[in-house]
Amino acid sequence: MKKSLSIFMMLVLLLGLLAACGPDREAREQSTEDENNNTENQGEEPKPEKLVVWEDVDKGIALEPAIESFEEEYGIEVEYVELNMADKIRDQLRLDGPAGNAPDVVTLPHDQIGQVVTEGLLQEIQVEDAVLDTFSESSISAQMFDGKLYGLPKSTETPVFIYNKALMDQAPETMDELYEQAKELTSGDQYGFIAVLDDFYMAHGYLAGMGGYVFKDNEGALDRNDIGLNNEGAIAGAEFIQKWYADGLFPSGIIGETGGAARDGLFNEGNAASVMNGPWALQGMKDAGIDVGVAPMPKLPNGEPVKTFMGVKGWHVTQFTKNPYWSTKFVEHITNEENAKTRFELTQEIPPVKSLIDDPIIAENEAAKAVAEQSQYAIPMPNIPEMGEVWSPMASALQTIATGKSDPKAALDEAVETIKTNIETNHPGN
Amino acid sequence: MTEHTIKTNHGRNAALLSILPGIGQFYNKQYLKGIIFLILTASFFIAFTDTLSWGFWGLLTLGEIPNLDHSIFLLIDGIIALIVTALGLVIYAFNIYDALSNGRKRDEGRKLNSVKEQYHNLLDSGFPYLMISPGFFLLVFVVIFPILFVILLSFTNYDLYHSPPAKLVDWIGVQNFIDIFKLDLWRETFIGVFGWTIVWTFGATTLQVALGIFLAILVNQKDLKGKAIIRTVLILPWAVPSFISILIFSGMFNESFGVINRTLLDAIGIGAIPWMTEEGWTRLALIFIQSWLGFPFIFAMTTGVLQSIPDELYEAATVDGASMLQKFRKITLPLVLFATAPIIITQYTFNFNNFNVIFLFNGGGPALPGQNAGGSDILISWIYKLTMTSAQYGKAAAITMILSLIVISIALWQFKQTKSFKEEDMM
Amino acid sequence: MSMKKNKIVRLTVSYLIIAFVVLIVIYPLLWVIGSSFNPGQSLSGSKMFPENPTLDHYRYLFDMEESNYVKWYLNSLKISVMTMILTVITVSLTAYSFSRYRFVGRKNGLLTFLILQMIPNFAALIAIFVLATRTGLIDTHLGLILVYVGGQIPMNTWLMKGYLDTIPKELDESARMDGASHFRVFFQIIMPLAKPIVAVVALFSFIAPFGDFILARIILRTDEKFTMAVGLYEMVAKQFGNEFTKFAAGSVLIAIPIAILFLFFQKYFVSGLTAGGTKG
């Protein structure tokens, strides 16, 4: 007994001793101050030997010419790594950043910005107004969070109306027209129009077009307490969606995670005359030998356009870089008009650079033109972290609406209720 | 004997002196050993002082300056320091024990071992330790270390708004556990999900076990031909990596395009079944898939057991006029269950936490109105969703702890019930 | 007479049941093989017997320029073989100790680890990542191998200990009498007798890495270092891509060798598992 007591006492003593001698902080604090100074006196930042960039999968080819000219101009070597953008870049940055092998520049979809900034993974960048002016306003606002700029836009995308020219002569003007056509075309394994509307990303256009909204937009600041997903307009939109499922115009299997894959399959095999999908799908369709036409979404019954979600991919400077000045320079460089144009040529990603919208290269490209046109009505996805609470309850609501298990109003009321509770529990204090 | 203990107190003295390692050994006049202990102690402190002071400081404070101190990394360094300390304490305890036992020997007037004898002694009694040390060392880092991390994490407020590097994480005691039972949303869904988790665990596991045993017995019939090829085919599901099979099934069960609705059910004139959108059907499909995935293992085990049952047992039973059913109930089943019981238990706990099949098949869906979890979500996949969409790491760790307590207590109780573990020590 | 009739009925019913089960077992496997020969990308068009079968997907996988599949395959093989070797060594040593020696922690040590392994460790993935970073094992195959080996120890040790318990103790005792060292007894007497269970443990530890994509995704960071499982998972998980048929082809190539190994080892398996099982 005595022995164990004495061992215990020793242990306590030892622990106390060890805990007392914390690390020698002064030297380290000093060094962070130095770093801070550096960011302020940007001009003095020494040139690094190398910058590391994380790019989206398969998009590296668009980066290569830009890197080459950057190396030529500034003599800084740039290395890029391709990662799956969906969530891998974010997840990996979370882990690699603090561990000391972070990149200097990354690309992210703008709706992740709020979350990533809250976690402290990105840093604010300083860019001259002349540079900002070259981009469309909505794409810049998508890069802002809490009134600060966290990146420059690389490309925008939004779902459009894509049709098989062999099965449909031209894109209909209105959804009502499309509905009639779809009724005629749908039989057996053939479908007239397919959209994955239990996915809130796709469905948002209809809810918003009829008058719904996710968070009330008060002049650029999103009000997380004002959710308009169960207002009259949203319900009307949901009823509109339900009609397509109830009338058997959509195959019942395009539900849940595999819905998108099923839609692509049907279209690529010529079994669907038209789909609602993003421009990223076009290459696969062409590869499958489909003669595709692209148009903005047809108008809703209330005369309004389908207000699709717009996604903006951007270039960002990470919190962990030692070269914020040169990283920002690089971001400016790769988003300038010339490199943006190259990007469009090589990857068909549409840069939100004003001067390019009227450039023949885009104006005469059917797909790019349709996307640009649809983008005018599109609403950037909210980039505040609270948005994370919206997806899953809305997917649940839309799925039950699609399968006819619940009536649109009840489902949306419940979803909004859940979203509000989730925001209160998981995002307190803001 | 008792006289000696009254006369001298070498045991106590040596043990007390050993508070500084090695001195007790000197007192016992075992100089070489004493020097070894002294050197070990010194080198321990020289090598690890930094690790330890940094680690414990980090563990207690979880960092002081945001953007410079990464709380989670500090937590991990702290755990490493804990493990190192534990190893040090083991050596330390051994040192005291050694001094005490040798001192006792002197008290009893017995001669101590010479250096050479000690060496042989160490080799003999140390051999098993030597053999298990590589495995043990790995286990400490692969099994113990993550568990310590989860335990500690469940007492922190690690979530999106307390995320390093921007912010620091703090210790908050049992607040997470309180929240889980206080917040309506979590508690209410919890009950629904828990119910299905239980049904799933028992339904899927029992079915796969029963199927495995049944088929093994069926194939093992003496006069059945083609045993080898049948057995070969029947263990195929085990041979294909399971995540591949699950994804394949997910494709096959697709309502409009899956081969099951389109070809199989169509052929026998049954209309399409909403596998992915009606929770009942999804659950049924999941239980079917898990049986498909899980039965071959039980099948192989049982086959092995059956082949080891001596034929005489059955012959004797036949002579006594036992029917087929009686033979099965009195001989086959008890033997099989006895031999495979521990494995069966692990199958239950495995399915309780079987994230892959739920997640990969239908992502926990279909969606249910008015609740946070999908219709086929079990606890573990639901936790995954909650963490992924809400970044509530601390809470996730807390729920993991609650889950683990359930699983472990059931498993422990079951293992205790199992004869094969009770008899373990009889050899 | 009725005995014979009885027998015919019993066997017929048995065969029918077995045929039914075999069909259910084989069908998905045949279907995925069929899918891998389908032209096109998607699930919906896949047929078990495609009208115009194509080897395109296999060609794509083996085209070193287009995909890293071959690299992944070699990585997986390397990791699995190393995991197997290290697991067999550590497990044999540990199991032998547990079976033959008495030491502190013998009674409950193994059970403790078996049970501790049941704790799900989603929340601890970040811990494993940081540990690997701290030790410089991040993005190395060695790091992943060590994690796999650690995870394989408890269950396999338990299996092997059961088997070793059935080997009479008198064997090693008499060898010890004759002056054989601990290691000689272990290597020259026990190990040869334990071949079946060694085969089982080897097989288990060989295939385990093929099924894991969660740990591998955390530890391996670069495309060239990926294992098969990670690569295939990324193929299906790609948000905007749909490459089901390629995935099918990749799966076939991974499943066939493993299945063959399984069948090859089957005979050991039964005897190995049995002895381990009956005497837990």
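Residues numbered from 1 in each chain as written. Chains lettered and ligands numbered in written order. Predicted model: local features only at pLDDT ≥ 70, side-chain atom pairs only at ≥ 80, totals over all residues.

- An unreviewed UniProt entry lists chain C under the name Sugar ABC transporter permease, from Cytobacillus gottheilii.
- Under the UniProt heading Subcellular location (unreviewed entry), the entry covering chain C gives this text: "Cell membrane". (UniProt positions renumbered as here; feature names shortened; annotations may be inferred.)

## Some thoughts on the overall build of chain C
Then step 1. Helix and strand counts for chain C stand at 12 helices and 0 strands.
Then step 2. A separation threshold of at least 6 residues defines the contact pool for chain C, and within that pool the share at least 24 residues apart is 74%. (Helix = DSSP H or I, 4+ residues; strand = E, 2+ residues; numbered from the N terminus. Contact = placed C-beta atoms within 7 Å.)

## Considering the confidence of the model for chain A
Then step 1. When pLDDT is averaged along chain A, the result is 84, and 88% of the positions lie at 70 or above.
Then step 2. Low pLDDT, under 50, characterises residues 26-42 of chain A; the stretch is placed with 5 contacts to residues that sit more than four places away or in other chains. (pLDDT = per-residue confidence, 0-100.)

## Topic: the UniProt feature "transmembrane region" (unreviewed entry) in chain C
Residue and element names in this part refer to chain C.
Then step 1. Per the UniProt record, the feature "transmembrane region" (unreviewed entry) sits at residues 12-33, 79-98, 110-132, 144-164, 185-207 and 247-265.
Then step 2. Helix makes up 100% of residues 12-33 and strand 0%, with an end-to-end C-alpha separation of 31 Å.
Then step 3. Taken end to end, residues 144-164 is 100% helix and 0% strand, and its two terminal C-alpha atoms sit 29 Å from one another.

## What to know about the nonpolar core
Then step 1. Among the nonpolar cores identified, the biggest contains 285 residues, and I194 of chain A together with I76 of chain B are the most heavily contacted of them.
Then step 2. Here the element with the most residues in this core is helix 6 (residues 141-165) of chain C; it accounts for 13 residues.
Then step 3. With sequence-adjacent residues up to four places away left out, I194 of chain A is seen in contact with F250, I254, R263, L266, F267, A272 and V275 of chain A.
Then step 4. Among the nonpolar cores identified, the runner-up in size contains 9 residues, and A15, L16, Y92 and I96 of chain B belong to it. (Core = buried A, V, L, I, M, F, W, Y, C linked by C-beta atoms within 7 Å. Buried ≥ 20, exposed ≤ 12 C-beta atoms within 10 Å, placed from the backbone.)

## Digging into the interface of chain B and chain C
By a widely used convention, the size of an interface equals the accessible area lost when the partners come together.
Then step 1. On the chain C side, the residues contacting the 82 residues of chain B number 70 residues.
Then step 2. When residues of the side of chain B that touches chain C are assigned to their parent elements, the largest contribution, 18 residues, is made by helix 6 (residues 115-153) of chain B.
Then step 3. Here the side of chain B that touches chain C is composed, by residue class, of 61 nonpolar, 17 polar and 4 charged. (Nonpolar A, V, L, I, M, F, W, Y, C, P; charged D, E, K, R; others polar.)

## Concerning the sheet that holds strand 11 (residues 272-277) of chain A
By way of backbone hydrogen bonds, the strands of a sheet pair with one another, either parallel or antiparallel.
Residues and elements named next belong to chain A.
Then step 1. Taken in spatial order, the 4 strands line up as 8-11-7-12 in an open sheet, and their pairing is mixed. On the outer flanks of this sheet lie strand 8 (191-194) and strand 12 (292-295), each paired with one strand and no other. Direction aside, neighbouring strands of the sheet carry axes that sit 15 degrees apart on average. (Pairing = 2+ DSSP bridges. Axes fitted to C-alpha atoms, helices over the stretch in contact; angles between N-to-C directions.)

## Observations concerning the domain arrangement of chain A
Residue and element names in this part refer to chain A.
Then step 1. Taken domain by domain, chain A holds domain 1 (45-157 + 311-379) and domain 2 (160-307 + 385-426).
Then step 2. The C-alpha centroid of domain 2 is placed 28 Å from the C-alpha centroid of domain 1.
Then step 3. Of all elements in the fold, only helix 5 (113-118) and helix 17 (366-377) reach the threshold of two or more residues within the side of domain 1 that touches domain 2.
Then step 4. Tallying contributions element by element places helix 17 first for the side of domain 1 that touches domain 2, with 7 residues.
Then step 5. In terms of residue class, the side of domain 1 that touches domain 2 is made up of 6 nonpolar, 6 polar and 4 charged. (Domains from an automatic or database assignment.)

## What about the pairing of strand 6 (residues 152-157) of chain A?
Residues and elements named next belong to chain A.
Then step 1. Of all 6 residues in strand 6, 6 are buried, a share of seventy percent or more.
Then step 2. Across 5 bridges, strand 6 lies against strand 13 (residues 309-317) in antiparallel orientation. Paired with T156 across the two strands is V312, which belongs to strand 13.

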